[in-house]
Amino acid sequence: MGSTRPHSARRAACGTTRATLRDACAAASAGRGATTVRRPVGGCRGCGGGCAATVLGDDEAHTDVRLTTYVLVEVERVKAIRRFTVRPVLPEALAPLSDLARNLRWSWHVETRDLFQSVDPERWAGSGCDPVRLLGSVPPARLAELAEDPDFLRRLADVTDDLREYATGDRWYQSQPGELPAAIAYFSPEFGITAALPQYSGGLGILAGDHLKSASDLGVPLIGVGLLYRHGYFRQSLSRDGWQQEHYPVLDPHELPVTPLSEPDGTPAQVSLALPGGKRLHARIWLAQVGRVPLLMLDSDVEENDPGERQVTDRLYGGGSEHRLLQEMLLGIGGVRAVRAYCRLTGHPAPEVFHTNEGHAGFLGLERIAELVSAEGLDFDAALEAVRAGTVFTTHTPVPAGIDRFGRDLVAGHFGPGAELPGIDVERILRLGEETYPGGDPHVFNMAVMGLRLGQRANGVSLLHGQVSREMFAGLWPGFDPEEVPITSVTNGVHAPTWVAPEVFALGAREIGAQRTEDALTVGGSGGSDRWDAVADIPDQDIWELRRVLREQLVGEVRQRLYASWRQRGAGEAELGWIDDVLDPDVLTIGFARRVPSYKRLTLMLRDRERLTNLLLHPERPIQLVVAGKAHPADDGGKRLIQELVRFADDPRVRHRIVFLPDYGMAMATKLYPGCDIWLNNPLRPLEACGTSGMKAALNGCLNLSVLDGWWDEWYQPDFGWAIPTADGGEMDPDRRDELEAAALYDLLEQRVTPRFYERGSGGLPDRWIEMVRQTLTHLGPKVLAGRMVRDYVERLYTPAAHAHRELLPDSARELAVWKSRVREAWPQVTVDHVEVSTTSATAELGTTLALRVRVGLGALAPDDVEVQAVAGRVDSEDGITDATTVPLKPTAGPDDDGRWLYEGPLSLDRTGPFGYTVRILPTHRLLATAAELGLMTVPSEESAEGAGVLMR
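Residues numbered from 1 in each chain as written. Predicted model: local features only at pLDDT ≥ 70, side-chain atom pairs only at ≥ 80, totals over all residues. Heavy atoms only, no water.

1. Re the state of the cysteines
Thought 1: Inspection of the entire model under this criterion finds 0 disulfides.
Thought 2: Free of any disulfide, Cys-676 has its nearest neighbouring cysteine sulfur in Cys-702, separated by 5.7 Å. (Disulfide = S-S within 2.5 Å.)

Okay, here's the thing in structure tokens:
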């Protein structure tokens, strides 16, 4: 007998029939577990004894009734002792269909998708638009018919030739000058490529998938590396009372669009990690082909592993600390080994650059250090320098709480003798993740800190997030102002061919042709500055008709999904007639869909329910809301937010105007973004790293209504949408802040957004609204492309990293490591002894050039080891220098009898107002990426600066 639990399909207490009991039995027999029901023995005040049964928990109306409890036994299905995946045998003429199905380019290539749809439209829809599942379900008779169909065979040949040209021909990358990286390995814990390969939870994975797709479109030689989770993330449904339910379907790799990587003798290619106690963690390598880009996915569910090790890749972001640690060791260390195996087996060029997307894959640097120690005979320090040179680290985390941190002892137990990487001193490993800054915890190992120490180049994912990251991690570079912390930014983008609706693409193709439209969506323009001027030629009527078509499609999609959700929640067909009237294709439609951590404020819109209700039901200018999102399975706070919104949306007064759709994912998103008129985003500023859902909406002509956070802070203009005023930047009560910002949201909707949507010009169209759509597509569209993002990575990070990697050959790496060690040892003796300037007046005229003289002590170092700088700029009320410029000073004399050196240089007074300067000494070497790399700086003491003066106050 299975355990007892309330049946999720809860029924109303009264007015039910014996069908309730049958439904409960059916639920148990369908494998949803044992179900407890209570059946009234006597009369019931609520229904006069007419009801047959009620589900446990819904018997409040049944007062003074004796209940008999029945426990329905969970029905055990007959289980197979072995599982097979039976593949279809395609006629020889249709053999290319298999290759097309196994290359995930079909997920964004319209002609390939159309070809598969024509195989069997009904089965295509039933397969979730998954070619692998489709081909496994098509009857042999239909395949034989297609094998004799000349029109189908011609289309098949055209699509096959197109893929071959796409995969082998020159693209953007091949036309670039200079010595670009031979290959780049891109590591991420999740990848959102397509709903047919559910290996993502949210924005991080979708961004990684878009990165791979755009790299493929541009011809960038990327190798993706991730894990293959047998349960993916989770599928979401709702209980009758609106509580999130998680379901973990089992994924069989043989039924996914992946193929096993094999050795020449046909055996599966594997990697393994050493575990404490003499055990090993084995993992098979699966290959997903994403256009031109191979994605390697490691799977621990193999027979060689013990049951515990088989579960390492069970769920995305599941399990406790040790489980997560093993996942991240497998991703980083095992991932490097998988890349080496793939390059050995296929002849693919070895990566010169390793890019870790967040800190989860940070252990890849340790494996590469171990490789150099073993193969090149380098010591740890020299190997570290060589590895850093070719490593790029991207942080997506705007708050310390979002970083993976493990207990120091837990990490120590998995490395060293008897475990992984036995040739590396465990203490050296632990130091890489040590929180050495003020407020850091000496007992934890911080994955982001390790990522920054192992990567010579690092970036945030929007301009604002880069600033936030520099401030958050400034403690690793003591003495440097946050703006000098070596973390840059590359603003995220989205893969337009994936997210642009076919109707939008068709409108563009009508204006400028299909090929030019495809090029515009994939490559974009230099620096994101290009404009899509052809949008200006599209008539207003066509834009408005397109928007209505997309809105109407969304209405149909919402009704289908809402009906399915209510059936899952236990509603009977007879009580769901109201769904036919949910949403209106002529009403202003607002979308809100994302993960549901507290900072994204799912329920801010509910702050004043009466005011929201008035907006929803306005007799002349109503709005309608489509909301979706998942809370982490362990986040009860997020689940409560979902339940709060669901209960509001269940109210019969407003349920035709606001809906919550469970199981938000890529399949839903591709319908949701195009169909909305407004994309709402109201996080707590500045806690949104980038946020790309509004970008996807914008590419379809949807306007943004958002807090100035993430990418919107960078690119907002009144032509594109609206900025929600915020109350951040001070010590304010969170409840009061929510109240103020919610009121600002309502004001915008009431006074500016809805009037503009509903007002009509002389031609009967909302002219000003259409112009905002046009401006969004013309100016914002090219900026939000993942093609622009990947080009930025190539030009600003990958290529410099590849050049640094080539310079850090073994001898150079040893030289740099020895130099750093010498500088660190000597730095305590580096001093600024005296500073003087040609005038000590407190005022000076604009344009004056002063002579600066600085006496410094270098200890055991020489002038070639350091740079002495003057730092000048405006000063604030506390004499802090802002908007600083630096001027290198030159050694003019020394060493004197005391070993001191004299440095001199000009100081130009190039701005008016409060102005100040200081001097500092930094280490310098030709192989450093930045002067802040060592985190060493010497500035004048108060005594040495005395008499130098503060100018122009």
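2. Looking at helix H27 (residues 767–780)
Thought 1: Across its 14 residues, H27 extends 19 Å between first and last C-alpha, which sits within 8% of the 20 Å expected from 1.5 Å per residue.
Thought 2: Listing the buried residues of H27 in full gives Trp-769, Ile-770, Met-772, Val-773, Arg-774, Gln-775, Thr-776, Leu-777, Thr-778 and Leu-780. (Helix = DSSP H or I, 4+ residues; strand = E, 2+ residues; numbered from the N terminus. Expected span 1.5 Å × (residues − 1). Buried < 20%, exposed > 50% of the residue type's maximum accessible area, 1.4 Å probe, protein only.)

3. Quick look at the nonpolar core
Thought 1: Counting residues in each nonpolar core, the largest one holds 106 residues, and the members touching the most others are Ile-678, Leu-705, Trp-722 and Trp-769.
Thought 2: Excluding its chain neighbours within four sequence positions, the residues that come into contact with Ile-678 are Leu-588, Thr-589, Ile-590, Gly-591, Cys-702, Leu-703, Leu-705, Trp-722, Val-753 and Trp-769.
Thought 3: By size, the runner-up hydrophobic cluster in this structure holds 99 residues, among which are Leu-273, Leu-275, Ile-285 and Leu-298. (Core = buried A, V, L, I, M, F, W, Y, C linked by side-chain atoms within 4.5 Å. Contact = heavy atoms within 4.5 Å.)

4. Brief notes about unusual backbone geometry
Thought 1: A cis amide bond, omega 5°, links Arg-685 with the succeeding residue Pro-686.
Thought 2: Along the chain, Pro-686 falls in the loop between strand E21 (678–681) and helix H24 (693–698).
Thought 3: The residue after Gly-894, namely Pro-895, is reached through a cis peptide bond having omega -5°.
Thought 4: For Pro-895, the location among the structural elements is in the loop between strand E27 (881–893) and strand E28 (900–908).

5. What to know about empty space enclosed by the protein
Thought 1: With the rule as written, the count across this model stands at 6 cavities of 30 Å³ or more.
Thought 2: Roughly 80 Å³ of internal volume is contained in the largest cavity.
Thought 3: Taken together, the elements giving at least two residues each to the lining of the largest cavity come down to helix H20 (540–568), helix H22 (636–649) and strand E20 (658–661). (1 Å grid on protein atoms, 1.4 Å probe; cavity = no way out; pocket = protein on both sides within 12 Å on 5 of 7 lines; lining within 4 Å. Points joined across faces, edges and corners; volume = space filled by probe spheres on them.)

6. What about helix H21 (residues 609–616)?
Thought 1: Within the sequence span of H21, burial applies to Leu-612, Thr-613, Leu-615 and Leu-616. One face of H21 carries all of its buried residues, which in axial projection span an arc of 160°.
Thought 2: Close packing links the buried residues of H21 with strand E19 (623–628), H22, E20 and helix H26 (734–758). (Arc of directions from axis to C-beta.)

7. Considerations on the sheet that holds strand E23 (residues 721–724)
Whether parallel or antiparallel, the strands of a sheet pair through hydrogen bonds between backbone atoms.
Thought 1: With respect to topology, 6 strands assemble into an open sheet ordered E20-E19-E18-E21-E22-E23, the strand pairing being parallel. Each having just a single partner strand, E20 and E23 make up the two edges of the open sheet. The sheet shows a mean angle of 20° between the axes of neighbouring strands, direction not considered.
Thought 2: In this sheet, E20 lies alongside E19 in parallel orientation, the contact comprising 4 bridges. Paired with Ala-628 across the strands is Leu-661, a residue of E20.
Thought 3: Contacts from H22 reach E19 and E20, with the element oriented near 135° to E20. (Pairing = 2+ DSSP bridges. Axes fitted to C-alpha atoms, helices over the stretch in contact; angles between N-to-C directions.)

8. Here we look at the sheet that holds strand E26 (residues 866–875)
Thought 1: Within the open sheet, the 6 strands sit side by side as E24-E25-E28-E27-E26-E29. Their pairing is antiparallel. Edge positions in the sheet fall to strand E24 (831–837) and strand E29 (915–923), since each has one partner strand and no second. Within this sheet the neighbouring strands show an average axis-to-axis angle of 30°, counted without direction.

9. Details of the confidence of the model for the chain
Thought 1: Mean pLDDT over the chain stands at 88; residues scoring 70 or higher make up 89%.
Thought 2: Note that pLDDT drops below 50 for residues 1–75; the model gives that stretch 136 contacts with residues more than four away or on any other chain.
Thought 3: Note that pLDDT drops below 50 for residues 947–953; the model gives that stretch 34 contacts with residues more than four away or on any other chain. (pLDDT = per-residue confidence, 0-100.)

10. Notes on the packing of aromatic side chains
Thought 1: Summed over all chains, the structure comprises 19 aromatic pairs.
Thought 2: Taken together, Trp-544, Trp-722, Phe-757, Tyr-758 and Trp-769 form an aromatic cluster joined through their ring pairs.
Thought 3: In this structure, Arg-594 is placed above the aromatic ring of Phe-592, and the distance from its NZ or CZ to the ring centre is 4.4 Å. (Phe/Tyr/Trp six-rings, centres within 6.5 Å; stacked < 30°, edge-to-face > 60°. Lys NZ or Arg CZ within 6 Å of the ring centre and 35° of its normal.)

11. Examining the side chain of Ser-214
Thought 1: Its location among the elements puts Ser-214 in helix H8 (residues 203–218).
Thought 2: Setting aside residues up to four positions removed in sequence, Ser-214 forms contacts with His-495, Ala-786, Gly-787 and Val-790.

12. Some details on the packing of helix H3 (residues 110–119) against helix H7 (residues 150–168)
Relative placement of two packed helices is described by the angle separating their axes and the distance separating the axes.
Thought 1: Running from N to C, H3 and H7 cross one another at 150°; their axes reach a closest spacing of 10 Å. The angle between the axes of H3 and H7 places the two elements in the roughly antiparallel class. Two packed elements cross with a definite hand, and for H3 against H7 that hand is left-handed. Contact residues: H3 offers Glu-111, Thr-112, Asp-114, Leu-115, Ser-118 and Val-119, while H7 offers Phe-152, Arg-155, Leu-156 and Val-159.
Thought 2: A class-by-class count of the residues in the contact of H3 with H7 yields 5 nonpolar, 2 polar and 3 charged. (Parallel < 35°, antiparallel > 145°, perpendicular 65-115°, else oblique. Left-handed = near helix turned anticlockwise from the far one by under 90°. Nonpolar A, V, L, I, M, F, W, Y, C, P; charged D, E, K, R; others polar.)

13. Topic: the pairing of strand E13 (residues 391–394)
Thought 1: Burial along E13 is two-sided: Thr-391 and Phe-393 facing one way and Val-392 and Thr-394 facing the other are all buried.
Thought 2: In this sheet, E13 lies alongside strand E12 (residues 353–357) in parallel orientation, the contact comprising 4 bridges. Bridging from a neighbouring strand, His-355 pairs with Val-392 of E13.

14. What to know about the packing of H26 against H27
Thought 1: One way to put it is that H26 packs onto H27 with a least axis distance of 6 Å and a crossing angle of 105°. With respect to H27, the axis of H26 lies roughly perpendicular. Facing H26, whose interface residues are Val-753, Arg-756 and Phe-757, H27 presents Arg-768, Trp-769 and Met-772.
Thought 2: Looking at the contact of H26 with H27 residue by residue, the classes come out as 4 nonpolar, no polar and 2 charged.

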